[in-house]
Amino acid sequence: MRLVFCLVPAAALALGACHSKTTIDAKNASAESVAKQVQASDLKPRPGRWESAMKIEKMDLPGMPPEAQAAMQKGLGTAKTFITCLTPEQVNRPNAGFFGAHETGCTYQHFTMAGGTLDAEMTCNRAPMQMHMTMQGNYSPDSYAIRVSNQGEMAPGKTMSTTMSISSRRVGDCNGTEGNK
């Protein structure tokens, strides 16, 4: 689950200019390799104040106590909003960890960014956890909308699956109050 939330900031940095002629098309590549390709490209968002919303659409964790399951179900479908400041430095030198590069045992079966669309599939195998994730969406220099789904086994016999949507848009220059919403 941690990997899913680590990849959310990646979207802001990975989903850049839809008018770019750059195409990234990686197959059976490490997360680190994909990160380097995105960092070297012109597929970058504009720096500034970004307002984002993340909505967990589905979460299935069999074996969880009923009261915990009920509490989780209550929050499904409700967007959590947050505001961030994306600096020029972050745009030009994004942290490789945003792309899962710090996650050992992860491989992108494919990662394609071109013409305003993103399509990616990644598998992580780190005993005892195994996870399969897909990410699809649209992007421009000033906005993006992606959907992330994952299925995994947190421990032998302990499965989980989640689906979430993340949308974000640039709303102006940073003003120092980001992160306070």
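Shown above is the structure to which this text applies.
Residues numbered from 1 in each chain as written. Predicted model: local features only at pLDDT ≥ 70, side-chain atom pairs only at ≥ 80, totals over all residues. Heavy atoms only, no water.

1. Structural notes on the state of the cysteines
In step 1: Following the criterion strictly, the structure yields 2 disulfides and no others.
In step 2: Residue pairing for Cys85: its cysteine sulfur links by disulfide to Cys174, the two sulfurs lying 2.0 Å apart. What sets the handedness of the Cys85 and Cys174 disulfide is the S-S torsion sign, and at about 100° it is right-handed. Here Cys85, found in strand β3 (residues 79–86), pairs with Cys174, found in the segment after β8 (158–172); they are 89 residues apart in sequence, far enough to count as distant.
In step 3: Relative accessible area serves as the criterion here: at 27%, Cys85 is assigned to the partly exposed category. (Disulfide = S-S within 2.5 Å. Helix = DSSP H or I, 4+ residues; strand = E, 2+ residues; numbered from the N terminus. Buried < 20%, exposed > 50% of the residue type's maximum accessible area, 1.4 Å probe, protein only.)

2. Overview of the nonpolar core
In step 1: Val34, Tyr108, Phe111, Met113, Ile146, Val148 and Ile166 are the most contacted members of the largest nonpolar core, which has 29 residues in total.
In step 2: A total of 5 residues in this core trace back to one element, the largest contributor, which is strand β6 (residues 129–140).
In step 3: With residues near it in sequence (within four places) discarded, Phe111 still touches Ile24, Asp25, Ala26, Val34, Val38, Leu118, Asp119 and Ala120. (Core = buried A, V, L, I, M, F, W, Y, C linked by side-chain atoms within 4.5 Å. Contact = heavy atoms within 4.5 Å.)

3. A closer look at the sheet that holds strand β4 (residues 106–114)
In step 1: Here we have 8 strands laid out as an open sheet, ordered β1-β4-β5-β6-β7-β8-β2-β3, and antiparallel in their pairing. Sheet topology places β1 (24–30) and β3 at the edges, where each strand pairs with a single neighbour. Within the sheet, the average angular offset between the axes of one strand and its neighbour, ignoring direction, is 15°.
In step 2: Relative to β8, strand β7 (residues 143–155) is paired through 12 bridges, and the arrangement is antiparallel. (Pairing = 2+ DSSP bridges. Axes fitted to C-alpha atoms, helices over the stretch in contact; angles between N-to-C directions.)

4. A closer look at the side chain of His110
In step 1: Its location among the elements puts His110 in strand β4.
In step 2: Here the side chain of His110 touches Asp119 through a polar contact of 3.0 Å, side chain to side chain.
In step 3: Beyond its immediate stretch of four places on either side in the chain, His110 contacts Ala26, Lys27, Asp119, Ala120 and Glu121. (Polar contact = N/O pair within 3.5 Å; in protein donor to acceptor, adjacent residues only side chain to side chain.)

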